[in-house]
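Understanding the architecture of this molecule
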Amino acid sequence: MRQGFRQSMAWLHTWSGLVVGWVLFAVFVTGTATYYRAEISEWMRPELQAGASIESGRAADLAADYLKAKAPDAQGWFIGLPQPEKPLIELHWWKDLVSPMQHALLDPRTGAPTQARDTQGGDFLYRFHFELNMPPLWGRWIVGICAMILLVALVSGIITHRRIFADFFTFRRHKSAQRGWLDAHNVTGVLALPFHLMIAYTGIVTLAPMYVPWGITAAFDGDAPRFFVEAGLSPEVRAPAGKPGGLVSLAPLVAAAEARVSEPLEHVAVYNPGDAAATIVAIFEERKGLAHLHPQIAFDGATGAELGATGAVRPATHISTAFVGLHEAHFAGPALRALFFLCGLMGAAAIASGLVLWSVARLPKADERPGFGFRLVRALNVGAVAGLPVGLAAYFLANRLLPVGLAGRADIEVRIFFGAWAMIALAGLLRPHLRAWRESLGLASLLFLAIPVVSALTTGAHPFDGEARFLGFDAAMLATGLLLAFAAYEAGRARPQRRAVQADPAAEPARIPAPRPAGTPQKRNAALPQARRSA
Amino acid sequence: MTPIVLALNLALSFAGLAALALSLDRHHRDAFLTRAPTNRARSLRWTGWGAILLSLAASIALDGWNFGPVQWIGALTGAALLVVALLSYRPGWLRPAALAALPLALLALPFALRG
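If you look chain B up in an unreviewed UniProt entry, it shows as DUF3325 domain-containing protein from Methylobacterium soli.

Within an unreviewed UniProt entry, the label attached to chain A reads PepSY domain-containing protein, and the organism entered is Methylobacterium soli.

Listed below in structure tokens is the structure:
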């Protein structure tokens, strides 16, 4: 059996894309939202007033006091210092590398647990986009494998859809359902192709030491921390001495560190805090530039003497951290960040339209019964593509509607997110296909449109009250709601589809000849409804 | 990395990509109901590539080799999406929009140089 190169690439593109498409759609949407992680977190903790000036030295000492009482024998503390946009002390600590990480948020003025509502905020979306809310190792492996397959799908897709460059600007919405979806897939895929290739590749690079650890294992005899020290990514951390010791006050060290580096101080890490050989590491924000490199200074926990600092790095480290930097786009100002966001949405749209295209290209003929696989794919498409927005909107609404003092509130928000998503996935299985699309997209739209209203009613903070803090977030929710309403409207106009022509069921979408317009000028707008109905 | 440099980039890439799109028969017909005459298609193509290269040069000159190319590709993507949307929904608007974008880019240039 001989197949042409392009046909085998088309097969690879179709099936690799289908297998990982559902997961990748969720990864793209939540990852794209992560460009606004800080803003989402801010919105989800409306009790906090951003912008209050907070002294980081005092905050570090308050954090250390809390942790000395709570976890004196921990292996490590990780203290996130309050920032203007996030006026909270965020604490993580771990007993050892096996037991789960502990977490607390403190009020930076009092050092007591914060009164702000308990929520994971934007961090949930951030972690979901590479861990899928699974145990970290499992989630990272699954997302990593999906990202690797995405690279395969991207490269084989460039070969399969060979007309993408000839049809660079083409989006024929009204020729036929298949033509429209194919064009949508190609346009969103090709216009943002540099972004798609970059984000898939850099995403894998970010976790490369996890996916292919053997180089580090071989070169450093399994001593992975040594690798990070030698690469210039972190200063050296001492092994515990095994006997107890006192920890110096953090405030003078914070002041000394801040005098040395001009970037804002973000974190203070304390390793083996109860030990005589404790190490304190001050971690700063990245310097201006593409590279994701945090300057760090290490201090002796018992004496406060400086132990070492990260300095200039060699080219390999610089390049790999620049990849991470490109992925996160922390360097981007508001306008460029909006373009990254747009590119991320185009990635999600390319995946979603590819999934729909798979099913549209395999519509049963008028006298055929749709097979089980076909129905399953269509139902999963609804569940994945329309279900996720419903889940997201439910997550935001839950943040406003659950009682502020509810125990386990943050977990309940997450459960509501998954519950709403699962409900739509179930509806996708039970309802007629087109109706399932229309209803779930319509529901998502209503929920998103409700967010600013519910937020204004429950917090009393709204623009008409002179409260402009959440104007941007509210506008984004309204825009998302309107976009989904448009999608629901379009889904409602679609007719139940059957393949009319005796098309070859094995034909790949990309191999359909592009119809050239006849010599007569089209009467575009007048011809639309008929063209659509006949399609 | 100032918004004004990005605006300059967007305007230049939009004008350039619009010219390139109109140099293709199919899209020329969408916008003007006729094929593009050969010499017109050629000059549109030159203008298009010229504006895109100018946009690259401007972003590198103003934002350096680190951010310039990132900025340029981002602007190209955004502008291209706008061209496609206009061609699909309002093809008649493409030419006036592109013609309006060019003077906007020229207007942004002195501000970008000063900032």
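Moving on from the model shown.
With that settled, consider the overall build of chain B. Looking only at helices and strands, chain B features 4 helices and 0 strands. Going residue by residue from the N terminus, the α and β elements of chain B occur as α-α-α-α. By the compact-globule yardstick of 13 Å for 115 residues, chain B fits well, its C-alpha radius of gyration being 14 Å. Of all 115 residues assigned to chain B, the portion counted as buried reaches 52%. Counted over contacts in chain B with a minimum sequence separation of 6, partners at least 24 positions apart contribute 75%.

In the UniProt entry, the feature "transmembrane region" (unreviewed entry) is given for residues 12-36, 138-159, 180-204, 338-358, 379-397, 412-430, 442-464 and 470-489 of chain A. With 96% helix and 0% strand, residues 180-204 of chain A has its two end C-alpha atoms placed 32 Å apart.

Turning to the confidence of the model for chain B, a few remarks are in order. Any segment with low pLDDT has predicted coordinates that should not be analysed in fine detail. A residue-level look at chain B finds 98% of positions with pLDDT of 70 or above and a mean pLDDT of 89. Both scores are available for the predicted complex, with the pTM at 0.88 and the ipTM at 0.90.

At the interface, 20 residues of chain A touch 21 residues of chain B. At 6 residues, helix H13 (residues 334-360) of chain A tops the list of elements feeding residues into the side of chain A that touches chain B. When grouped by side-chain class, the residues that make up the side of chain A that touches chain B number 16 nonpolar, 3 polar and 1 charged.

This paragraph deals with the sheet that holds strand S6 (residues 296-300) of chain A. Think of a sheet as strands paired side by side through backbone hydrogen bonds, with each pair either parallel or antiparallel. All names here are of chain A. Strand order in the open sheet formed by 7 strands is S3-S2-S1-S4-S5-S6-S7, and the pairing between neighbours is antiparallel. Whereas interior strands pair on both sides, the edge strands pair on one side only; in this sheet they are strand S3 (102-106) and strand S7 (306-309). Taking each pair of neighbouring strands and ignoring which way they run, the sheet shows an average axis angle of 15°. Here S6 runs beside S7; their pairing, made up of 3 bridges, is antiparallel.

This next bit is on the environment of Gly78(B). Along the chain, Gly78(B) turns up in helix H3 (residues 38-89). Residues in contact with Gly78(B), not counting those within four places in the same chain, are Leu339(A), Leu342(A) and Leu10(B).

Our focus in this paragraph is the domain arrangement of chain A. Residues and elements named next belong to chain A. Partitioning chain A into domains gives domain 1 (5-44 + 129-206 + 331-496) and domain 2 (56-115 + 234-312). Using C-alpha coordinates to define each centre, domain 1 is positioned 38 Å away from domain 2. Tallying the contact residues gives 4 residues for domain 1 and 5 residues for domain 2. Of the residues that constitute the side of domain 1 that touches domain 2, the class distribution is 2 nonpolar, 1 polar and 1 charged.

Before going further, it helps to examine the UniProt feature "transmembrane region" (unreviewed entry) in chain B. Residue and element names in this part refer to chain B. What UniProt calls "transmembrane region" (unreviewed entry) maps, in this numbering, to residues 6-25, 46-65, 71-89 and 96-113. Strand forms 0% of residues 6-25 and helix 90%; the C-alpha atoms that close the span are 30 Å apart. Here residues 96-113 is 100% helix and 0% strand, with 26 Å between the C-alpha atoms at its ends.

With that settled, consider the environment of Val84(B). All names here are of chain B. As for its position among the elements, Val-84 is in helix H3. For Val-84, a count of 23 C-beta atoms within 10 Å gives the class buried. In the structure, Val-84 is positioned 33 residues away from Ala-51 in sequence and 18 Å away in space, judged by C-alpha atoms.

Residue and element names in this part refer to chain A. With respect to the helices and strands, Trp-94 occurs in strand S2 (residues 89-94). Classification of Trp-94 by C-beta neighbours within 10 Å gives partly exposed; the count is 16. Expressed as a C-alpha distance, the spacing of Trp-94 and Gly-76, which sit 18 residues apart in the sequence, is 5.7 Å. When near neighbours in sequence (up to four residues on either side) are disregarded, Trp-94 contacts Ala-74, Gln-75, Gly-76, Ser-99, Met-101 and Gln-102.

Quick look at the packing of helix H1 (residues 5-33) of chain A against helix H4 (residues 122-131) of chain A now. Residues and elements named next belong to chain A. One can describe the packing of H1 onto H4 by two numbers: an axis separation of 8 Å at closest approach and a directional angle of 145°. Once H1 is placed against H4, the crossing between them reads as left-handed. Of H4, the residues touching H1 (which contributes Val-27, Thr-30, Gly-31 and Ala-33) are Leu-125, Phe-128 and His-129. Within the contact of H1 with H4, the residues separate by chemical class into 4 nonpolar, 3 polar and no charged.

Taking 1.5 Å per residue as the helical rise, helix H15 (residues 409-430) of chain A with its 22 residues ought to reach 32 Å, and the 31 Å between its terminal C-alpha atoms agrees with that figure. On its buried face, H15(A) is in contact with helix H14 (372-401) and helix H16 (433-459) of chain A.

The next subject is the nonpolar core. Side chains of a nonpolar character, in soluble globular proteins, are inclined to be buried together. Phe25(A), Val390(A), Ala393(A), Phe14(B), Ala15(B), Ala18(B) and Val83(B) are the most contacted members of the largest nonpolar core, which totals 141 residues. When residues in this core are grouped by element, the largest group, 19 residues, is from H3(B). Both of domain 1 (5-44 + 129-206 + 331-496) and domain 2 (56-115 + 234-312) of chain A provide at least three residues apiece to this core. Not counting residues up to four positions away in its chain, the partners in contact with Phe25(A) are Ala348(A), Ile351(A), Ala352(A), Ala384(A), Val385(A) and Leu388(A). Counting 37 residues, the second-largest nonpolar core is a separate cluster that includes Leu62(A), Val270(A), Ala278(A) and Ala282(A).

We now examine the pairing of S2(A). Residues and elements named next belong to chain A. On S2, burial follows the alternation: Ile-89, Leu-91 and Trp-93 on one face are buried, whereas Glu-90, His-92 and Trp-94 on the facing-out side are not. In terms of strand pairing, strand S1 (residues 76-80) meets S2 through 5 bridges, oriented antiparallel. Bridge pairing links Gly-80 to Glu-90 in S2. Two strands pair when backbone bridges link them, and S2 and S3 are joined in this way by 5 bridges, in the antiparallel orientation. Bridged to Glu-90 within S3 is Leu-105.

Turning next to unusual backbone geometry. Glycine aside, a negative phi is what most residues show, and trans is what most peptide bonds show. Residues and elements named next belong to chain A. One non-glycine residue with positive phi stands out, namely Leu-132, at about 55°. Position of Leu-132 among the secondary structure elements: in the loop between H4 and helix H5 (136-160). Owing to 19 C-beta atoms within 10 Å, Leu-132 belongs among the partly exposed residues under this scheme. In this structure, Asn-133 takes a positive phi of about 65° despite not being glycine. Position of Asn-133 among the secondary structure elements: in the loop between H4 and H5. Under the C-beta neighbour-count criterion, Asn-133 is labelled exposed, with 11 such atoms within 10 Å.

Definitions and cut-offs
- Residues numbered from 1 in each chain as written.
- Chains lettered and ligands numbered in written order.
- Predicted model: local features only at pLDDT ≥ 70, side-chain atom pairs only at ≥ 80, totals over all residues.
- Helix = DSSP H or I, 4+ residues; strand = E, 2+ residues; numbered from the N terminus.
- Rg over C-alpha atoms; globule rule 2.2 N^0.38 Å.
- Buried ≥ 20, exposed ≤ 12 C-beta atoms within 10 Å, placed from the backbone.
- Contact = placed C-beta atoms within 7 Å.
- UniProt positions renumbered as here; feature names shortened; annotations may be inferred.
- pLDDT = per-residue confidence, 0-100.
- Nonpolar A, V, L, I, M, F, W, Y, C, P; charged D, E, K, R; others polar.
- Pairing = 2+ DSSP bridges.
- Axes fitted to C-alpha atoms, helices over the stretch in contact; angles between N-to-C directions.
- Domains from an automatic or database assignment.
- Left-handed = near helix turned anticlockwise from the far one by under 90°.
- Expected span 1.5 Å × (residues − 1).
- Core = buried A, V, L, I, M, F, W, Y, C linked by C-beta atoms within 7 Å.

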